[in-house]
Amino acid sequence: MLNSAKITRLFDFPYYQLDKYPQPHCLVHKTDEKWVSTSTEEYIEEINKVSSSLLKLGIKKGDKIAVIVSQNSPRWHMLDIGILQIGAINVPLYPTFSEKDYAYILNHSDSVFCFVSDDELYQKVTKVKDQTQLQKVFSFENLDTAYDWDFFVNIGIQTDFSSEINSLKNSIQSEDLATIIYTSGTTGTPKGVMLSHKNIVDNIFAVSKRIDLHDNKKRVISYLPICHIFERASAYYCQGMGFEIHFAESIDKIGDNLKEIQPHYMAVVPRLLEKVFDKIVDKGSNLSGIKKSLFYWSLNLGERYKPYKENGWWYEFQLGIARKLVFKKWREALGNHLHFMVAGSAPTQARLIKVFTAAGIPILEGYGMTETSPAVSVSDMRNNGFKIGTVGRIIEGVDVKIAEDGEILVKGSLVMQGYYKNEALTQQTIQNGYLHTGDIGTIDDDGFLKITDRKKEIFKTSGGKYIAPAVLESELKKSRFIEQVMVIGEGQKMPAALIQIAPDFVKEWANRHNHTIENISTDENLIARIQKEVDYYNRKFGKWEQIKRFEITPDVWTIEDGHLTPTLKMKRKIILEKYQNLHKKIYNPQ
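Rules and cut-offs
- Residues numbered from 1 in each chain as written.
- Predicted model: local features only at pLDDT ≥ 70, side-chain atom pairs only at ≥ 80, totals over all residues.
- Heavy atoms only, no water.
- Helix = DSSP H or I, 4+ residues; strand = E, 2+ residues; numbered from the N terminus.
- Rg over C-alpha atoms; globule rule 2.2 N^0.38 Å.
- Buried < 20%, exposed > 50% of the residue type's maximum accessible area, 1.4 Å probe, protein only.
- Contact = heavy atoms within 4.5 Å.
- Areas by Shrake-Rupley, 256 points an atom, 1.4 Å probe, with all protein chains shown as cover.
- Lys, Arg positive; Asp, Glu negative; His and termini not counted.
- Charge placed at Lys NZ, Arg CZ, Asp CG, Glu CD.
- Axes fitted to C-alpha atoms, helices over the stretch in contact; angles between N-to-C directions.
- Parallel < 35°, antiparallel > 145°, perpendicular 65-115°, else oblique.
- Left-handed = near helix turned anticlockwise from the far one by under 90°.
- Arc of directions from axis to C-beta.
- 1 Å grid on protein atoms, 1.4 Å probe; cavity = no way out; pocket = protein on both sides within 12 Å on 5 of 7 lines; lining within 4 Å.
- Points joined across faces, edges and corners; volume = space filled by probe spheres on them.
- Nonpolar A, V, L, I, M, F, W, Y, C, P; charged D, E, K, R; others polar.
- Core = buried A, V, L, I, M, F, W, Y, C linked by side-chain atoms within 4.5 Å.
- Pairing = 2+ DSSP bridges.
- Polar contact = N/O pair within 3.5 Å; in protein donor to acceptor, adjacent residues only side chain to side chain.
- Salt bridge = Lys/Arg side-chain N within 4 Å of Asp/Glu carboxyl O.
- Patch = residues over 30% accessible without salt bridge, like charges linked within 9 Å, V, L, I, M, F, W, Y side chains within 5 Å.

1. Concerning the overall build of the chain
In terms of regular secondary structure, the chain is built from 20 helices and 26 strands. Against the globule reference of 25 Å for 590 residues, the chain gives a C-alpha radius of gyration of 25 Å, in line with a compact fold. Relative to its full complement of 590 residues, the chain shows a buried share of 56%. Taking as baseline every contact in the chain between residues at least 6 positions apart, the subset at least 24 positions apart corresponds to 66%. Here the chain displays about 25,800 Å² of accessible surface, and carbon together with sulfur accounts for 49% of that area. Each charge class in the chain was averaged separately, 75 positive and 73 negative side chains, and the resulting centres sit 6 Å apart.

Shown next, in the form of C-alpha cells:
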C-alpha cells in the first residue's frame, strides 16, 4: 500500500518504488519487435540525467517545459520526473493540436523548452517556434542530431548536479505548482488548468482506497494519452505501487498487446469499450448453429446482470455456464488476467458495464475532470460500492453538493489552483471554495453519484421543452449501425440528430443484402434502416424529446479532423459548424 507520509510530491512516487519495490521491469516498451525493460534503478538514473541536462541548460525553478508525444513511452516519464524534481513545470500538450493551437499554448504557457516524441511533431512545433518564447525544441528520437534524446541527456553529464538536485527537491512543497494542463475542450479556446503536487497526490491516495490491488506483482498497460490527467494519475499510482508499466505500441495494436502483456488492470474510455464490444458482437453474429445461439444467450444474460447476486441462484448458475463457455474467450482476448477496468472521461453505457462485469471483467466507473485532479467519485466492488447507472460514491476528503439547478459542486484538496493567466474565469468557476463542474447530477440515499448531463449541453426547444442530449445519444449509440451521434435542436421546434454510421457494420449489412451504397448520406435503403433504429430507441423517451429527423454525415468523425477530443468526446461546436448544411436541411428544407 502507498504511504502518505513518504509521498507528498509527484516525484516521490518512483523513489518510493526504488525503496519499497525495486522492479527489474519498471517500464517496458517495444522496440524492433522486442519488449525492452527499464529497471527502477535505471529509471531513476535517467531521471537524474534529465534534471542535470535541464540545469546545465539554465532551467530554473518555476520555468515551464512543454511536452508533446504521439505515443506513450518510458522517456515521457523520465522527462516528467526530471522536470518536476527541480521545481520546473510540466506542460503536456496533445499531439492532435493544430499549429495555431501550439503557437497559442506555447506562448500562453511561457514555455522555454519543448520536447516532442517524433520528427513530425518536431517539424510542426519548429514552424511556430518564432511566435513563442521557446529557446529550443528536443526530440525523443535518436536521430544523431543536436536536438535528439541522446544529445539532450548528455548535456549535463560532465557536471555533478546531485547536490543541487537534492537541494531543489527538498525545497519543493506539496502545494507548489506541478503542471499546467491545457484542456482540449469541447468548445472554445484551450484553458490552462494549474494543478499542484498536492492536488494530484491527495487524489491518488483517495482513489487508491477504492482500487482493490495490493501486492506489487501486477502488470498494467499504458495507451491512453499521457497528457490527459486520467492516464497520468494512473501512471503515478502504478509507480508508487511498484507495478510494471507496459506501453502499448499503438491504439491499433492494442488487441495484440493485451494478449502479450496480460495486464491485471487498465484504465479505459467508454468509446474504446464500445469498439471492443462491437467487435465481439460482430464475431458472435458470424457464428452459426448452436455456437451462435449460445453466444446470444450469454449476451442476453449479461445484459440482465445485477451485482451481489441480486438476480438469484438460478441466474448465477446460468451465468457460471456462460462464463465457462462464452465469456472465457472475452477474458482471453483481453489477456485473461484483468481484475477490473476503470472507466472515465465520459459516461459509460450501463449495458456495457453489465455485460463486461457479467463476463468477469468488472468495469468500475469514475467521475471527474482535469480541474479535479481528476477523480471525484469511483465505484468499488467491495462493501456494496458498485451500483450500475452511477459513478460510485464520493472519494474520501471530498465534499460534493448539488446546486438548485442540479449542477455538481466540488470542494476539497483535489480542486485546481485555477486557470493560468485567467483570474476572471477562475473566480467564475470556483465560488466559495466550490468548483462549479458544469455537470448535472444527483446523489441518491446510499451516497452514489449519478451524472445526468452537461449543464452547457442541455438545451431548450422553441416549444420550451428541455432536452438532455447525452441521454438520447447514449441510447442511440447502442445501435450497431450508429458509431457517433449528436443531438441538436436548440431553439428549434424539435430535437434532431447528426449521425455518423458505423462504417464496417454498414458495409457488412449492405453486402448481406446485395446492396451497393454509392453515397451514405443519401442512400434511401440505408436511411430507411437507420430510421428503424431511431424509431426503436425513441420509444424510451417522451414525445417532446424523441428524434424527429436525422441526417447521416458523409465522413467518419476523427480527432485529426477536429470532430473529437483526444479522449474521444464530441466537439459539439465544431461538428455543428462542419455540418451547417445538414442542420439547414433538417430545419430549413427548401
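2. Focus on the packing of helix H12 (residues 289-303) against helix H13 (residues 313-333)
In the contact formed by H12 and H13, the axes pass within 9 Å of each other and the chain directions differ by 120°. Between H12 and H13, the interaxial angle falls into the category oblique. Once H12 is placed against H13, the crossing between them reads as left-handed. Across the interface between the two elements, Leu294, Phe295, Trp297, Ser298, Leu299, Leu301 and Gly302 from H12 touch Tyr315, Gln318, Leu319, Ile321, Ala322, Leu325, Val326, Phe327 and Trp330 from H13.

3. Here we look at helix H10 (residues 254-261)
Quick reminder: α-helices carry 3.6 residues per turn. Residues three or four places apart thus point the same way. Considered for burial, the residues of H10 that qualify are Ile254, Asn257, Leu258 and Ile261. For H10, the angular spread of the buried residues around the axis is 105°, confining them to a single face. On its buried face, H10 sits against strand S2 (34-38), strand S9 (219-222), strand S10 (244-247), strand S11 (265-268) and H13. Gln262, located one to two residues past H10, shows a positive phi value of around 55°.

4. Quick word on empty space enclosed by the protein
Over the atoms a probe the size of a water molecule is rolled, and this reveals where empty space is left. Tallied over the entire structure, the rule returns three cavities of 30 Å³ or more. Each pocket or cavity is described by its volume, and for the largest cavity that value is around 80 Å³. Sorting the residues of the lining of the largest cavity by element identifies S9, helix H9 (229-241), S10 and S11 as the ones contributing at least two each. A total of four residues in the lining of the largest cavity trace back to one element, the largest contributor, which is H9. Partitioned by chemical class, the residues of the lining of the largest cavity number nine nonpolar, three polar and one charged. In this structure, the second largest cavity spans a volume of roughly 40 Å³. Lining of the second largest cavity is provided by Glu274, Phe277, Asp278, Gln349, Arg351, Leu352 and Lys477. Elements with a contribution of two residues or more to the lining of the second largest cavity: helix H11 (270-285) and helix H14 (350-358).

5. Some remarks on the nonpolar core
Within the largest apolar cluster, 152 residues are counted, with the highest numbers of intra-cluster contacts made by Leu93, Phe115, Trp330, Met341 and Phe356. No other element matches H9, which puts eight residues into this core. Every residue in contact with Trp330, bar those within four places of it in the chain, is listed here: Phe277, Ile280, Phe295, Leu299, Val355, Phe356, Ala359 and Ile361. Within the second largest apolar cluster, 24 residues are counted, among which are Ile467, Ala502, Phe541 and Ile547.

6. Things to note about the side chain of Ser298
Residue position: Ser298 is located in helix H12. Here Ser298 falls in the buried class, since its relative accessible area comes to 0%. Setting aside residues no more than four positions away along its own chain, Ser298 makes contact with Ala322, Val326 and Phe327.

7. Concerning the sheet that holds strand S24 (residues 482-488)
Note: strands within a sheet are paired through backbone hydrogen bonds, in either parallel or antiparallel orientation. Within the open sheet, the three strands sit side by side as S24-S25-S26. Their pairing is mixed. Looking along the sheet, the strands with just one partner apiece sit at the ends: S24 and strand S26 (549-552). Neighbour-to-neighbour, the strand axes of this sheet turn through a mean angle of 25°, independent of strand direction. Relative to strand S25 (residues 496-501), S24 runs antiparallel, the two being bridged by six bridges.

8. Details of the side chain of Glu407
Here Glu407 shows up in strand S17 (residues 407-411). Here the side chain of Glu407 touches Thr437 through a polar contact of 3.4 Å, landing on its backbone nitrogen. At 2.7 Å, the side chain of Glu407 and the backbone nitrogen of Gly438 are in polar contact. Beyond its immediate chain neighbours, meaning those up to four positions away, Glu407 contacts Lys401, Ile402, His436, Thr437, Gly438, Asp439, Ile440 and Lys455.

9. Looking at the pattern of salt bridges
Per the stated rule, a full pass over the model turns up 28 salt bridges. Of the charged contacts in the structure, one is a salt bridge between Arg572 and Glu473, with a shortest N-O distance of 2.7 Å. Note that Arg572 is positioned in helix H19 (residues 572-578) and Glu473 in helix H16 (residues 469-476), a separation of 99 residues in sequence. Since its relative accessible area comes to 5%, Glu473 is described here as buried.

10. Regarding the pairing of S17
The element S17 is extensively covered by neighbouring structure, given that four of its five residues are classed as buried. Hairpin connection from strand S16 (residues 399-402) to S17: four residues lie between these consecutive antiparallel strands, with Gly406 at a positive phi of about 95°. Across three bridges, S17 lies against strand S20 (residues 434-443) in antiparallel orientation. Across the sheet, Leu409 pairs through a bridge with His436, a residue of S20.

11. Observations regarding a nonpolar patch on the surface
Together, Trp297, Trp313, Trp314, Phe317, Ile321 and Leu325 make up an exposed nonpolar region whose accessible area comes to about 680 Å². Within the secondary structure, Leu325 is located in helix H13. Assessed through its relative accessible area of 44%, Leu325 is described here as partly exposed.

12. A closer look at the packing of H11 against H14
Remark: H11 packs on H14, axes separated minimally by 11 Å, with the N-to-C direction vectors making an angle of 60°. Here H14 runs oblique to H11, going by the angle between their axes. Crossing of H11 over H14 shows left-handed handedness. Across the interface between the two elements, Leu273, Glu274, Val276 and Phe277 from H11 touch Arg351, Leu352, Val355 and Phe356 from H14. Class assignment for the residues of the contact of H11 with H14 results in six nonpolar, no polar and two charged.

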